[in-house]
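So the chains spell out like this:
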Amino acid sequence: MDNAFQPSRRSLLFAATAVAGASSAAVAAPPVKTGARPSVLPSGGGRSLLDPADTVLLLLDHQTGLFQTVKDIPIADLRRNTAMLAKMATLLKLPVITTASEPNGPNGPLMPEIHEFAPHAVYVARKGEVNAWDNDNYVKAVRATGRKTLIMAGVWTSVCVMFPALDARAAGFDVHAVIDASGDPSEMASRTTLARLVQGDVIPTSANAVLCEIHRTWNRPEAAELAKLYMMAAPNYGAVFESYQKAQEAARSK
């Protein structure tokens, strides 16, 4: 066989884990939710999307020391997406819980933007547990919100997100992992983690998708502030917005 057509070992591993994850997800697909939900429209729209009234944002171990080990996403993008989620939670009144395993150690303190942009966030200290779900106070804080849908992001994705995500899913929560507000030491770590999350019935998503799902319509009073969040999640959208504003100004000046 011509070597040009031989797939790399890495691509074969990724393909195998992706297929296994897809098969597992297909077998273990959760039942469709029923009952009255304000986020579900008469058309049926929103039935499979995030319900803001049932959602809590969990930001795990976004520590500045750990950021230096992240290789699968630019640090600027990771911080910006995480900051956007904190701002979104404040604007749209979602509960936020933060935590760190040991902020006084080499992993460093939490990035300050989180509590700056989400001053209502509740911080739960841990006693060195790697997995936040091993900490009773953390699990109690999550349960105290009364919400069953968890949006998780953190550093590392393969540990600080995946471990509590799988445990929370096993405990009956719906879990969404925001991959681009999380980070890992390598692309391979990120890919294998993604496969394992899917196999465990955790939903991988992006910061932009979360914003869109929570936002749902421009016909709301926060529309102008939401537009600013889109510029954080997708910086090039800022150029779209600016060109639109200039076109509007030119039209009005005629």
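Going by the structure above, here's the rest.
Owing to the predicted nature of the structure, the values given are computational and were not obtained by experimental measurement. (Residues numbered from 1 in each chain as written. Predicted model: local features only at pLDDT ≥ 70, side-chain atom pairs only at ≥ 80, totals over all residues. Heavy atoms only, no water.)

## Looking at the pairing of strand E1 (residues 55-60)
Every other side chain in a regular strand lies on the same face of the sheet, so the side chains alternate between the two faces.
Thinking step 1. Burial analysis of E1 places 6 of its 6 residues in the buried class, the great majority of the element.
Thinking step 2. Residues Thr55, Leu57 and Leu59 of E1 are buried on one face, and the alternating residues Val56, Leu58 and Leu60, pointing to the opposite face, are buried as well.
Thinking step 3. As defined by bridge partners, E1 adjoins strand E4 (residues 149-154) across 6 bridges and the pair is classed as parallel. Note that in E4 the partner of Leu60 across the bridge is Gly154.
Thinking step 4. Strand direction decides the pairing type here: E1 and strand E2 (residues 96-100), joined by 4 bridges, are parallel. Considered in E2, the bridge of Leu60 is made with Thr99. (Buried < 20%, exposed > 50% of the residue type's maximum accessible area, 1.4 Å probe, protein only. Helix = DSSP H or I, 4+ residues; strand = E, 2+ residues; numbered from the N terminus. Pairing = 2+ DSSP bridges.)

## What about helix H5 (residues 136-144)?
It helps to recall that an α-helix has 3.6 residues per turn; residues three or four apart then point in one direction.
Thinking step 1. Buried within H5 we find Tyr138, Val139, Ala141 and Val142. Along the axis of H5, the buried residues cluster in a sector spanning 155 degrees; they form a single face. Away from its buried face by more than 90 degrees, H5 exposes Asp136, Lys140 and Ala144.
Thinking step 2. In the core, the buried residues of H5 are packed alongside E1, E2, strand E3 (122-125) and E4. (Arc of directions from axis to C-beta. Contact = heavy atoms within 4.5 Å.)

## Considering helix H3 (residues 75-91)
Thinking step 1. Counted at 1.5 Å a residue, the expected span for H3 with its 17 residues is 24 Å, and the 24 Å between its end C-alpha atoms agrees.
Thinking step 2. Those residues of H3 not exposed but buried are Leu78, Asn81, Thr82, Ala83, Met84, Leu85, Ala86, Met88 and Ala89.
Thinking step 3. Positive backbone phi, approximately 65 degrees, marks Lys93, located one or two places after H3. (Expected span 1.5 Å × (residues − 1).)

## A short note on the sheet that holds E4
Thinking step 1. Taken in spatial order, the 6 strands make up an open sheet running E3-E2-E1-E4-E5-E6, and their pairing is parallel. Pairing within the sheet leaves two strands with one partner each, and these edge strands are E3 and strand E6 (203-205). Going from strand to strand, the sheet's axes swing by 25 degrees on average, the running direction of each strand aside.
Thinking step 2. Relative to E3, E2 is paired through 4 bridges, and the arrangement is parallel. From the neighbouring strand, Ala100 faces E3, where its bridge partner is Ala125.
Thinking step 3. This element, H3, spans E1, E2 and strand E5 (174-178) of the sheet and lies at about 145 degrees to E1. (Axes fitted to C-alpha atoms, helices over the stretch in contact; angles between N-to-C directions.)

## Description of the packing of H3 against helix H8 (residues 207-215)
Thinking step 1. Following both chains from N to C, one finds H3 and H8 inclined at 15 degrees, their axes separated by 10 Å at the closest point. If you check the angle between H3 and H8, you find them roughly parallel. In this structure, the crossing between H3 and H8 has a hand that is left-handed. Contact residues: H3 offers Asn81, Met84, Leu85 and Met88, while H8 offers Ala207, Val210, Leu211 and Ile214.
Thinking step 2. Of the residues belonging to the contact of H3 with H8, the class tally is 7 nonpolar, 1 polar and no charged. (Parallel < 35°, antiparallel > 145°, perpendicular 65-115°, else oblique. Left-handed = near helix turned anticlockwise from the far one by under 90°. Nonpolar A, V, L, I, M, F, W, Y, C, P; charged D, E, K, R; others polar.)

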